[in-house]
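# Remarks on the overall topology
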Amino acid sequence: MADWLAALDRRAELRAKAGLTRRLHPRPAGEAVTDLAGNDYLGLATHPEVVAAAARALSAYGLGATGSRLVRGSTDAHHALEDALADWLGADRALVFSSGYLANLGALRALVQPRTLLVSDAHNHASLIDGCRISGAETVVTPHADVTAVAAALAVAPGRPAVVVTESIFSVDGDLAPLARLHAVARRYGALLLVDDAHALGVTGPAGAGAVAAAGLAGQPDVVVTATLSKALGGAGGVVAGPAEYVRHLVETGRTFIFDTALPPAVAAGVHAAVVLARAGDPLRAELAERVALAVRRLRDGGLTVSTPDAGVVSVTAPGPEAATAWAAHCRDRGVAVGCFRPPSTPDTRSRLRLTINAGVPRADFDRALDMILECAP
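First, a word on what this report is: a plain description of the structure on this page. Quick caveat, the model's predicted, so the values are computed rather than measured.

What follows deals with the overall build of the chain. Along its length, the chain carries 15 helices and 11 strands. Rg of the C-alpha trace for the chain: 21 Å, near the compact-globule value of 21 Å for 378 residues, within the 12% margin. Within the chain, the proportion of its 378 residues that are buried is 52%. Counting contacts in the chain only where the partners sit at least 6 residues apart, residues at least 24 apart contribute 72% of the total.

So this is what it looks like as structure tokens:
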């Protein structure tokens, strides 16, 4: 009976030798660390209006939703948030899930019918990859941001239902997908386009409505948008937005919606307040863009290899997984939290630090954080 535990120990030893051990680091409340690892791009997670809205709902509804959305988990807070998100995204309807991961799994499964072909970008997030796998549909993985390859994959499957699957801002390097061109190719072949707008919502587009809106695709009948509510909105949960008929289909058939306990009402209310702030947050977005440009310039001037970001993600290449881990640990010891991405989390086997720029961090702390990243570089 102990053999399976010994096998797990052996696999852990192999990961350790490859520099791929992962550990949990508990974060105390009020930790005195400059956060360039979390996804709170606009600093809304601790905004007084967001916290107050969540506190009022917590007092009114209690801690949890107490059930799935179709049982007892749908509250006024959930429906108000969905209406606000649909209006912001320019979609017929929006449906809130308890996580962005489950939103992607449910969204993809609901788009699949017999003989459906999924065409997925090689750099897509794990939730999209798993959504493709769980759907059971044939999936073709195309080279990153390669519109010609997407067209070729669709061309060899004439008459089959198909979905082109992509992030808008890719979560590892922060680059923008060619959404308008992907949509044109998808429409040419009668395919749908699913866009995970997680790292763009609140950060890019008109009034922060995301990269889909920025590309002029908001409300298109052949476009489905997903996003997390845990990044620029500072909360938790996920959303799927699109045509009313599609959202109805999700409500009636989506397993990750039907059989999951709903997002806590307090979180829904807090995120709703964050949506209001984000829509009016052009000054915050301008500050975010300025800080991204500053980070890229400073780190490149310091001799580091840095991505050219299209939103709030800045990727800094590390020599390898062990060096990336040590670099991130040294930064943390100096009071700066940074993301550390190593295989298999990276689609290109390249290790890097990932900085998610936060407009809510005091400017002096942000400047010091860049100094520490340079000083701790391997």
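Residues Leu85, Leu233, Val316 and Trp327 are the most contacted members of the largest nonpolar core, which totals 93 residues. With 9 residues, helix H12 (residues 265-279) is the largest single contributor of residues to this core. Discounting residues that sit within four places of it in the chain, tryptophan 327 has contacts with Leu304, Val316, Thr317, Ala318, Leu353, Ile373, Cys376, Ala377 and Pro378. By size, the runner-up hydrophobic cluster in this structure holds 23 residues, among which are Leu95, Ala110, Cys132 and Val165.

With that settled, consider empty space enclosed by the protein. Counted according to the given criterion, the structure contains 3 cavities of 30 Å³ or more. What the largest cavity holds in volume is close to 60 Å³. Around the largest cavity, the lining is made up of 13 residues, and of these Asp121, Thr142, Val150, Val165 and Leu182 lie nearest the centre. Split into classes, the residues belonging to the lining of the largest cavity amount to 8 nonpolar, 3 polar and 2 charged.

What follows is about the packing of helix H5 (residues 100-111) against helix H6 (residues 126-135). Running from N to C, H5 and H6 cross one another at 35 degrees; their axes reach a closest spacing of 8 Å. Our pair here, H5 against H6, has a crossing hand that is right-handed. On H6, the residues touching Tyr101, Asn104, Leu105, Leu108 and Arg109 of H5 are Ala126, Ser127, Leu128, Asp130, Gly131, Cys132, Ile134 and Ser135. Taken together, the residues of the contact of H5 with H6 break down into 7 nonpolar, 4 polar and 2 charged.

Here the focus is the pattern of salt bridges. Within the structure shown, the criterion is met by 15 salt bridges. The residue arginine 291 makes a salt bridge to glutamate 287 at a minimum N-O spacing of 2.7 Å. Here arginine 291 and its partner glutamate 287 are both found in helix H13 (residues 282-301), 4 residues apart, which amounts to about one turn of the helix. The class for arginine 291 is buried, based on a relative accessible area of 3%. Residue classification places glutamate 287 among the partly exposed residues on the basis of a relative accessible area of 22%. The partner of glutamate 375 in a salt bridge is arginine 334, with the nearest N and O atoms 2.9 Å apart. With glutamate 375 in helix H15 (residues 363-376) and arginine 334 in the loop between helix H14 (321-333) and strand S10 (336-341), this pair connects stretches of sequence that are 41 residues apart. Salt bridges sharing partners connect three or more residues here, namely Glu287, Glu290, Arg291, Arg363 and Asp367.

Between its first and last C-alpha atoms H13 spans 29 Å; for 20 residues at 1.5 Å apiece the expected length is 28 Å, and the two agree. Every buried residue belonging to H13 is among Arg285, Leu288, Arg291, Val292, Leu294, Ala295, Val296 and Leu299, and all of these are buried. Buried-residue contacts for H13 involve H12, strand S9 (313-317), strand S11 (352-356) and H15.

Within the secondary structure, arginine 69 sits in helix H3 (residues 69-73). Classification of arginine 69 by relative accessible area gives buried; the value is 7%. Here the side chain of arginine 69 touches glutamate 82 through a polar contact of 2.8 Å, side chain to side chain. Sequence-distant contacts of arginine 69, that is, excluding residues within four places in its chain, are made with Ser74, His78, His79, Glu82, Val96, Phe257, Asp260 and Ala262.

Reading the values: the criteria
- Residues numbered from 1 in each chain as written.
- Predicted model: local features only at pLDDT ≥ 70, side-chain atom pairs only at ≥ 80, totals over all residues.
- Heavy atoms only, no water.
- Helix = DSSP H or I, 4+ residues; strand = E, 2+ residues; numbered from the N terminus.
- Rg over C-alpha atoms; globule rule 2.2 N^0.38 Å.
- Buried < 20%, exposed > 50% of the residue type's maximum accessible area, 1.4 Å probe, protein only.
- Contact = heavy atoms within 4.5 Å.
- Core = buried A, V, L, I, M, F, W, Y, C linked by side-chain atoms within 4.5 Å.
- 1 Å grid on protein atoms, 1.4 Å probe; cavity = no way out; pocket = protein on both sides within 12 Å on 5 of 7 lines; lining within 4 Å.
- Points joined across faces, edges and corners; volume = space filled by probe spheres on them.
- Nonpolar A, V, L, I, M, F, W, Y, C, P; charged D, E, K, R; others polar.
- Axes fitted to C-alpha atoms, helices over the stretch in contact; angles between N-to-C directions.
- Left-handed = near helix turned anticlockwise from the far one by under 90°.
- Salt bridge = Lys/Arg side-chain N within 4 Å of Asp/Glu carboxyl O.
- Expected span 1.5 Å × (residues − 1).
- Polar contact = N/O pair within 3.5 Å; in protein donor to acceptor, adjacent residues only side chain to side chain.

All we've got here are geometric facts, nothing functional implied.
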